Amino acid sequence: MGITEKDLFPKPEWNYVFGLASYEDGVGVTSIYRFSNGYLSESNFNESLERLIKISSHEIGHMFGISHCLNANCVMNGTNSLPETDFHFARACSLCQQKLKSSLHYDHQKRLLDLKQFFEKQHFNSELSRADQDLNLLK
Ligand SMILES: [Zn+2]
Ligand SMILES: [Zn+2]
């Protein structure tokens, strides 16, 4: 997974993209350019990071063979605009998480605890409350 500050255009005649991934090659790339309006500063850092996490998670999902999801609250539901990206959650729905877990075999509870710790540190409060909800479902 590559992350760049350059604006991404898959082909010169195409419009920009937030990110792109290849199922076949298992690679992806995301640009922070549009997330920070072209200039990353202390005041827009957290908002830009949250957008980068959402789009990167989406592209990484593609890298592991997961296609677009119809669930509006899933990170694998595509976005075409920043307001849409901001509205979306940073996490995959339970179905997409199951797909990812079946190919990666990770410890779901440990992952949620690690995410919770990260969201706490970054003060991503809405994501933090969702991680808490997910952890409560495991009890
Ligand atoms: Zn996509
Ligand atoms: Zn999903």
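Residues numbered from 1 in each chain as written. Chains lettered and ligands numbered in written order. Predicted model: local features only at pLDDT ≥ 70, side-chain atom pairs only at ≥ 80, totals over all residues. Heavy atoms only, no water.

Novice: Run through the domain arrangement of the protein chain, naming residues and quoting values.
Specialist: With domains assigned, the protein chain is organised as domain 1 (2-105) and domain 2 (106-139). In this structure, domain 1 and domain 2 have C-alpha centres spaced 19 Å apart. Across the contact, 14 residues belong to domain 1 and 11 residues belong to domain 2. Both faces considered, domain 1 and domain 2 share a buried interface measuring about 1200 Å² in area, 53% of it formed by carbon and sulfur atoms. (Domains from an automatic or database assignment. Contact = heavy atoms within 4.5 Å. Buried area = accessible area lost by both parts, 1.4 Å probe.)

Novice: Tell me about the coordination of the zinc ion (ligand 2), and please be specific about residues and values.
Specialist: C69 (SG), C74 (SG), C93 (SG) and C96 (SG) make up the full set of protein donors to the zinc ion (ligand 2), lying at 2.3 to 2.4 Å. Here the zinc ion (ligand 2) is ringed by four donor atoms whose angles at the metal span 106 to 114°, and the overall shape comes out tetrahedral. All donors of the zinc ion (ligand 2) belong to a single chain; written as a sequence motif, their spacing is C-x4-C-x18-C-x2-C. Remark: C96 occurs in helix α3 (residues 94-104) and C74 occurs in the loop between α1 (45-63) and α2 (82-87); sequence separation between them is 22 residues. Here C74 falls in the buried class, since its relative accessible area comes to 0%. Overall, the relative accessible area of 1% leaves C96 in the buried class. (Donors = N, O, S within 2.8 Å, 3.2 Å for Na, K, Ca; no water. Tetrahedral: all angles 85-135°; square planar, octahedral: opposite > 155°, others 65-115°. Helix = DSSP H or I, 4+ residues; strand = E, 2+ residues; numbered from the N terminus. Buried < 20%, exposed > 50% of the residue type's maximum accessible area, 1.4 Å probe, protein only.)

Novice: Please set out the pattern of salt bridges residue by residue, giving values where relevant.
Specialist: For the coordinates displayed, the defined rule picks out seven salt bridges. Between R51 and E47 there is a salt bridge whose closest N-O contact spans 3.5 Å. Pair noted here: R51 and E47 are both in helix α1, with a separation of four residues, about one helical turn. You can call R51 buried: its relative accessible area is 9%. The partner of D132 in a salt bridge is K116, and the shortest N-O contact between them spans 3.0 Å. Separated by 16 residues along the polypeptide, D132 in helix α5 (residues 125-138) and K116 in helix α4 (residues 108-122) bring together distant segments of the chain. The network of salt bridges with shared partners includes E47, R51 and D86. (Salt bridge = Lys/Arg side-chain N within 4 Å of Asp/Glu carboxyl O.)

Novice: How would you sum up the sheet that holds strand β3 (residues 27-31)? Please name residues and give values.
Specialist: Pairing in this open sheet of three strands is mixed, and the strands run β1-β3-β2 from one edge to the other. Bordering the open sheet on either side are β1 (2-4) and β2 (19-22), each of which pairs with just one other strand. For this sheet the average axis-to-axis angle between neighbouring strands, irrespective of direction, equals 10°. (Pairing = 2+ DSSP bridges. Axes fitted to C-alpha atoms, helices over the stretch in contact; angles between N-to-C directions.)

Novice: Describe the coordination of the zinc ion (ligand 1), listing the residues and the values that go with them.
Specialist: Around the zinc ion (ligand 1), the protein contributes the donor atoms H58 (NE2), H62 (NE2) and H68 (NE2), which lie 2.0 to 2.1 Å from the metal centre. Counting the intervening residues between successive donors of the zinc ion (ligand 1) yields the motif H-x3-H-x5-H. With a gap of four residues between them, H58 and H62 both fall in helix α1, about one helical turn apart. Across the pair, H62 and H58 agree in class, each one buried.

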